[in-house]
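# Survey of secondary and tertiary structure
Below, each chain spelled out in residue letters.
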Amino acid sequence: CVNGIYYEPEKLSDAINTDGMVETTPYISPEETYMIFSRMEVTKDGYSDLYVSFKLSDGSWSKARNMGKNINGEYHNLSPQVTPDGKYLFYLQTYQGKSRAMWVDASIIDEYRPENYPITEK
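Remember, predicted model here, so these are calculated numbers, not experimental data.

Calculation rules
Residues numbered from 1 in each chain as written. Predicted model: local features only at pLDDT ≥ 70, side-chain atom pairs only at ≥ 80, totals over all residues. Heavy atoms only, no water. Patch = residues over 30% accessible without salt bridge, like charges linked within 9 Å, V, L, I, M, F, W, Y side chains within 5 Å. Areas by Shrake-Rupley, 256 points an atom, 1.4 Å probe, with all protein chains shown as cover. Salt bridge = Lys/Arg side-chain N within 4 Å of Asp/Glu carboxyl O. Helix = DSSP H or I, 4+ residues; strand = E, 2+ residues; numbered from the N terminus. Buried < 20%, exposed > 50% of the residue type's maximum accessible area, 1.4 Å probe, protein only. Pairing = 2+ DSSP bridges. Axes fitted to C-alpha atoms, helices over the stretch in contact; angles between N-to-C directions. Core = buried A, V, L, I, M, F, W, Y, C linked by side-chain atoms within 4.5 Å. Phe/Tyr/Trp six-rings, centres within 6.5 Å; stacked < 30°, edge-to-face > 60°. Lys NZ or Arg CZ within 6 Å of the ring centre and 35° of its normal.

### Some details on a nonpolar patch on the surface
- On the surface, a cluster of nonpolar side chains totalling about 310 Å² of accessible area is made up of V2, I5 and Y7.
- As for its position among the elements, V2 is in the segment before β1 (21-28).

In structure tokens:
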């Protein structure tokens with residue numbers, strides 16, 4: 001929404017959107033410098049994992065990186081949200097129809113920043 005006008009959604013580059021995958025439940029940081037989202041393969045009975053991508057200086061997005069075993073596992077991981085103070089990352093883990101809220105220190109996001117990427121938020 002820009003100035004109260006909604007525009008048609010646009011597909012992001014293949015750094016984010018992929019063939020054979022479904023990307024859902026994005027969280028975009030208030031400064032729009034990174035996004036965390038859920039990705040699941042549609043051809044397998046696999047689980048959805050959280051991925052993170054950073055906005056680069058040219059306005060494009062870095063190749064999304066899986067946030068690893070400390071967050072992802074034998075669950076569907078969905079709906080990432082970072083607290084307004086930037087301290088915690090909350091998300092949902094769903095398994096066999098049951099969901100639970102999870103949280104980690106949001107500093108984990110820094111582990112996935114591309115090399116030489118400035119840390120400007122906080």
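What follows picks up the thread again.
### Points about the pattern of salt bridges
- Counted under the stated rule, the structure contains 2 salt bridges.
- In this structure, R39 engages E23 in a salt bridge whose closest nitrogen and oxygen atoms are separated by 3.0 Å. Here R39 is found in strand β2 (residues 34-41), whereas its partner E23 is found in strand β1, with 16 residues between them in sequence.
- Given a relative accessible area of 9%, R39 falls into the buried group.
- The exposure class assigned to E23 is partly exposed, which follows from its relative accessible area of 21%.
- In this structure, D110 engages R113 in a salt bridge whose closest nitrogen and oxygen atoms are separated by 2.8 Å.
- Residue D110 is classed as partly exposed on the basis of its relative accessible area, which comes to 25%.

### Some points on the sheet that holds strand β6 (residues 88-95)
- Read across the sheet, 3 strands follow the order β5-β6-β7 without closing on themselves; strand pairing throughout is antiparallel. Because the sheet does not close on itself, it has two edges, and the strands there are β5 (76-82) and β7 (98-105). When strand polarity is set aside, the average angle formed by the axes of neighbouring strands in this sheet is 25 degrees.
- For β5 and β6, the ladder comprises 5 bridges, and the chain directions are antiparallel. Directly across from N77, in β6, lies its bridge partner Q93.

### A word on the nonpolar core
- In terms of nonpolar packing, the biggest core is built from 16 residues, with I36, M67, L89 and I109 touching the most fellow members.
- Contributing elements (two or more residues each) for this core: β2, β3 (49-54) and β6.
- It is β3 that contributes the most residues to this core, 3 residues altogether.
- Among the nonpolar cores identified, the runner-up in size contains 6 residues, and F37, Y51, W61 and A64 belong to it.

### Quick look at the packing of aromatic side chains
- Tallied over the entire structure, the rule returns 6 aromatic pairs.
- Between Y27 and Y34, the aromatic rings sit 6.3 Å apart at their centres with planes inclined by 50 degrees, giving tilted as the arrangement.
- For Y27, a relative accessible area of 10% translates into the label buried.
- Between Y75 and Y95, the aromatic rings sit 5.9 Å apart at their centres with planes inclined by 80 degrees, giving edge-to-face as the arrangement. Linking Y75 in the loop between β4 (65-66) and β5 with Y95 in strand β6, this pair joins segments that are 20 residues apart in sequence.
- A residue is classified by how much of its surface remains accessible, and Y95, at 37% relative accessible area, is partly exposed.
- Grouping aromatic residues by their ring pairs yields a cluster made of Y27, Y34 and F54.
- Here the basic side chain of R39 rests over the ring of Y51, its NZ or CZ set 4.4 Å away from the ring centre.
- One Lys or Arg, R100, reaches over the ring of Y75 and ends 5.1 Å from the middle of that ring.

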